[in-house]
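Commentary on secondary and tertiary structure
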Amino acid sequence: MSWTQFFFYVFAGLSLLCALMVVTRRNAVHSAIFLIITFFFMAAVFVILKAELLAAVQVLVYAGGVVSLMLYVIMLVKAEEASQVKQNLGQIAIAAFIALLLALQVGSIVYLYFAQKPAGKAAVEALKYGGNTEGIGALLYTKYLFPFEVASVLLLAAMVGAIVLAKNRLER
Amino acid sequence: MVEIVIVTIVKLLIYFGIMLLFVAYGTLAERKVAGHIQDRLGPYHCGPHGILQPLADGIKLFFKEDIVASASDKFVYFLAPALAVVPPVLVLAVIPIGDSITIGGKTIPLAVADVNIALLYFLGVTSLTVYAIMLGGWAGNSKYPLLGGLRSAAQFISYELILGLSIIGVVMLVGSFNLIDIVRYQKDMWLVIKQPVAFITYMIAAIAELNRAPFDLPEAESELVGGYHTEYSSMKFALFFLGEYANMVVSSAIATALFLGGWYAPVHWLSFIPGPIWFLIKTFALFFFMLWIRWTYPRLRYDQLMGMCWRFLMPVTLLNILGTGLFVILKNGGL
Amino acid sequence: MYQSISPYIPVLILLVLALAFGVVTLMVAWLVRPSKPYDEKLSPYECGINPLMPAKIRVPIRFFVIILLFLLFDVEAVFMYPWAAMYKKLGIWGFVEMFLFIVILLVGYIYAWAKGALEWE
């Protein structure tokens, strides 16, 4: 086993362990803490896969931004109640559906691996440009330009949505 | 392989030591500067001119009783201060303190890690500081820390954005996130001359992110007692304090690498002084600048603070990016 | 020669160092300091009086909106990073692309400003 493999198994194992902690903790704040650690280990896995930009985004957006939003929401429901929120609110059906989708996705990757087919073309193309950052930059702003501009519209929609939701409270 | 790991560990320990020394004497410098700005002497009793004061403070903090508030969440309460020191220490890996030195016929690069995405790494790791603040405020289950923590987190996050946006101009000119490349680019001309707006917004964002005066609303003594660390005492409080000063040192160091030419001498005939010394001098100059600002300007109001971030700095950084874009195109004879 | 180990190994070493530093200082302090707790000393701080009520605070929705906006602009910034690194090679088209991207997002920004999400009273 090479060092790369060794570190992969360590970080993948740790992130699975922390993910398990996220769903089993009773206290919502503790769950959030373990979620941060999970994201951190996942970033480590991305680094091992030489996807440095993805790792940075993982830490910057998910560990840094998304979880702080979650923590705010947890604290928004009052500090005291936050530690006693019941965590399964009849969302089992939705959760099962999402888990099924995820299983299909992982299954397809496993199938592609065993069928000896390349998992995707973009990754191979990106290698031509040297590093991961340059590769993504070169492809995103030339070949995949349209999705990139669509992303800005998506962000705009999210922005407007957030403000509409909070509008009544903002005006008071 | 083993040799490389040993060299790396030695380098890391040296830089960690330098940072701790910097932090310890940073606290003394803060009090001395404050003293002299206010026309008094500052600490004077421990050693000549008080130079042993940081040591005395450290020993005192070790022997202080630790109060764990009965209403607190114990796990989070212990975790938050330990978390406060992690981000600045992690950033040490990418600080390009010098080019390389030759010992016994072997060339050893002085920067610990030649990371391609060094700047993104710096941003990502510092963004984790927000959790030390939020969790520290929440864990005590007390009103002042909670309010201080919430305010602080919103402030931190807003200025983190400005920090991220203000470095984009630099990256556009250099074409790399690697801090070593960025410093090499500045061999003939410092980037502060080409990117003055980015430098100013970076410094404002760095100071505001660290909750320092004039942006120290989360710790506003007059209304929130001590802010997010009101419930902390003894060594746990010291770790928060240490984290804050270490963050100051680290963001000064990154600013040095980004805008002030890193290890290069300001004028050519001074380049007989080794690079790492220049790097430390410049870092200390920026550190001193932060102290100077703290003791010169009055505190802002919270609405002014957030307004300045979202309604002034944000458009300014975006305009800076577009302006830099035009500049690069015109210089390359595009259009 | 020095490229033979990943540049992220030092990061791992530093992480261990930082955590060890935190834990060791807390342990040493735990060994040497006095501990004489009693009820009043351990109660949450409230300017010297007994806490009137538990720390239940309704956080203003404004904080929530600001964090949400931060998240969206952060994603915008993330799109800018690879663009900035490649900017010299993208040339004039790169500028036009990013200009469009920023203009679309500015619509949202102006909307937020007009609706008062960026105001604090």
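This structure is a prediction, so every number in the text was calculated from the model and none was measured. (Residues numbered from 1 in each chain as written. Chains lettered and ligands numbered in written order. Predicted model: local features only at pLDDT ≥ 70, side-chain atom pairs only at ≥ 80, totals over all residues.)

Re the overall build of chain B
- The helix and strand inventory of chain B stands at 14 helices and two strands.
- Oriented by its inertia axes, the alpha-carbon framework of chain B measures out at about 65 × 50 × 45 Å.
- Among the 335 residues that make up chain B, the fraction classed as buried is 56%.
- A separation of at least 24 residues holds for 77% of the contacts in chain B among residues at least 6 apart in sequence. (Helix = DSSP H or I, 4+ residues; strand = E, 2+ residues; numbered from the N terminus. Buried ≥ 20, exposed ≤ 12 C-beta atoms within 10 Å, placed from the backbone. Contact = placed C-beta atoms within 7 Å.)

Remarks on the overall build of chain A
- The helix and strand tally for chain A stands at eight helices and zero strands.
- Along chain A, from the amino end to the carboxyl end, the secondary structure elements read α-α-α-α-α-α-α-α.
- Going through the 172 residues of chain A one by one, you find that 30% of them count as buried.
- Counted over contacts in chain A with a minimum sequence separation of 6, partners at least 24 positions apart contribute 46%.

Re the interface of chain B and chain C
- Each partner contributes to the interface: chain B provides 69 residues, whereas chain C provides 58 residues.
- Counting only elements with at least two residues in the side of chain B that touches chain C, the list comes to helix 1 (2–37), helix 3 (74–91), helix 6 (143–166), helix 7 (168–174), helix 12 (234–259) and helix 14 (302–331) of chain B.
- Classifying every residue of the side of chain B that touches chain C gives 46 nonpolar, 14 polar and nine charged. (Nonpolar A, V, L, I, M, F, W, Y, C, P; charged D, E, K, R; others polar.)

Section: the domain arrangement of chain A
Residue and element names in this part refer to chain A.
- Looking at chain A, the domain boundaries give domain 1 (1–86) and domain 2 (120–172).
- Contacts between domain 1 and domain 2 engage four residues on the former and four residues on the latter.
- A per-class count over the side of domain 1 that touches domain 2 returns two nonpolar, no polar and two charged. (Domains from an automatic or database assignment.)

As for helix 5 (residues 129–139) of chain B
Residue and element names in this part refer to chain B.
- Counting buried positions along helix 5 gives 11 out of 11 residues, so the element sits mostly inside the fold.
- Taken together, the buried positions of helix 5 are Thr129, Val130, Tyr131, Ala132, Ile133, Met134, Leu135, Gly136, Gly137, Trp138 and Ala139.
- Looking one or two residues beyond helix 5, the residue adopting positive phi is Asn141, at roughly 55°.

Notes on the nonpolar core
- In this structure, Leu90(B), Val94(B), Leu119(B), Val171(B), Val249(B) and Leu69(C) are the most contacted members of the largest nonpolar core, which totals 182 residues.
- Each of domain 1 (1–86) and domain 2 (120–172) of chain A gives at least three residues to this core.
- In this view, Val94(B) contacts Ala113(B), Val115(B), Ala118(B), Tyr121(B), Phe122(B) and Leu179(B); residues no more than four positions away in its chain are not counted. (Core = buried A, V, L, I, M, F, W, Y, C linked by C-beta atoms within 7 Å.)

Comments concerning unusual backbone geometry
Residues and elements named next belong to chain B.
- Phi is positive for Asp39, close to 60°, though the residue is something other than glycine.
- Mapping Asp39 onto the fold places it in the loop between helix 1 and helix 2 (53–62).
- Residues other than glycine seldom take positive phi values, yet His49 does so here, at roughly 55°.
- Secondary-structure assignment places His49 in the loop between helix 1 and helix 2.
- By C-beta crowding, His49 is classed as partly exposed, having 14 other C-beta atoms within 10 Å.

Structural notes on the interface of chain A and chain B
- In this complex, chain A contributes 17 residues to the contact, which on the side of chain B involves 21 residues.
- Looking at the side of chain A that touches chain B, the elements that each hand over two or more residues are helix 2 (28–48) and helix 3 (52–76) of chain A.
- Ranked by the residues each element gives to the side of chain A that touches chain B, the list is headed by helix 3 of chain A, at 10 residues.
- Each residue belonging to the side of chain A that touches chain B can be placed in one class, and the counts come to 11 nonpolar, five polar and one charged.

Focus: the environment of Leu17(A)
Residues and elements named next belong to chain A.
- Residue placement: Leu17 occurs in helix 1 (residues 3–24).
- We classify Leu17 as partly exposed; it has 13 C-beta atoms within 10 Å.
- For the pair Leu17 and Gln105, spaced 88 residues apart in the sequence, the C-alpha separation amounts to 21 Å.

Some details on the packing of helix 1 of chain A against helix 2 of chain A
All names here are of chain A.
- Put simply, helix 1 and helix 2 touch, their axes get as near as 8 Å, and they point 160° apart. One way to sum up the angle between helix 1 and helix 2 is to call them roughly antiparallel. Helix-helix and strand crossings are classified by hand; for helix 1 and helix 2 the assignment is left-handed. Packed against helix 1, whose contacting residues are Thr4, Phe7, Phe8, Phe11, Ala12, Leu14, Ser15, Cys18, Ala19, Met21 and Val22, the element helix 2 presents Ser31, Phe34, Leu35, Ile37, Thr38, Phe41, Met42, Ala44, Val45 and Ile48 at the interface.
- A breakdown of the residues in the contact of helix 1 with helix 2 according to their chemical character gives 17 nonpolar, four polar and no charged. (Axes fitted to C-alpha atoms, helices over the stretch in contact; angles between N-to-C directions. Parallel < 35°, antiparallel > 145°, perpendicular 65-115°, else oblique. Left-handed = near helix turned anticlockwise from the far one by under 90°.)

Comments concerning the confidence of the model for chain B
All names here are of chain B.
- Here chain B averages 84 in pLDDT, and 95% of its residues register 70 or above.
- The secondary structure element of chain B with the lowest average pLDDT is helix 11 (residues 221–224), at 63, and the one with the highest is helix 10 (residues 196–209), at 90.
- As scored by the predictor, the complex reaches a pTM of 0.88 and an ipTM of 0.83. (pLDDT = per-residue confidence, 0-100.)

What about helix 4 (residues 118–126) of chain B?
- Most of helix 4 of chain B sits out of view: nine of its nine residues are buried.
- When we look at burial in helix 4 of chain B, the residues that qualify are Ala118(B), Leu119(B), Leu120(B), Tyr121(B), Phe122(B), Leu123(B), Gly124(B), Val125(B) and Thr126(B).

What about the packing of helix 6 of chain B against helix 3 (residues 61–114) of chain C?
- Interaxial distance between helix 6 of chain B and helix 3 of chain C falls to 10 Å at its minimum, and their mutual angle equals 20°. Viewed along their axes, helix 6 of chain B and helix 3 of chain C adopt a mutual orientation that is roughly parallel. By crossing handedness, the relation of helix 6 of chain B to helix 3 of chain C is classed as left-handed. On helix 3 of chain C, the residues touching Leu150(B), Ala154(B), Ile157(B), Ser158(B), Leu161(B), Gly164(B) and Leu165(B) of helix 6 of chain B are Phe63(C), Ile66(C), Ile67(C), Phe70(C), Phe73(C), Asp74(C) and Ala77(C).
- Taken together, the residues of the contact of helix 6 of chain B with helix 3 of chain C sort by class into 11 nonpolar, two polar and one charged.

Thoughts on the environment of Ala56(A)
- Its location among the elements puts Ala56(A) in helix 3.
- Here the alpha-carbon distance between Ala56(A) and Ala43(A), two residues 13 residues apart in the chain, equals 7.1 Å.
- Residue contacts for Ala56(A): discarding those within four places in its chain leaves Ile117(B), Leu120(B), Tyr121(B) and Gly124(B).

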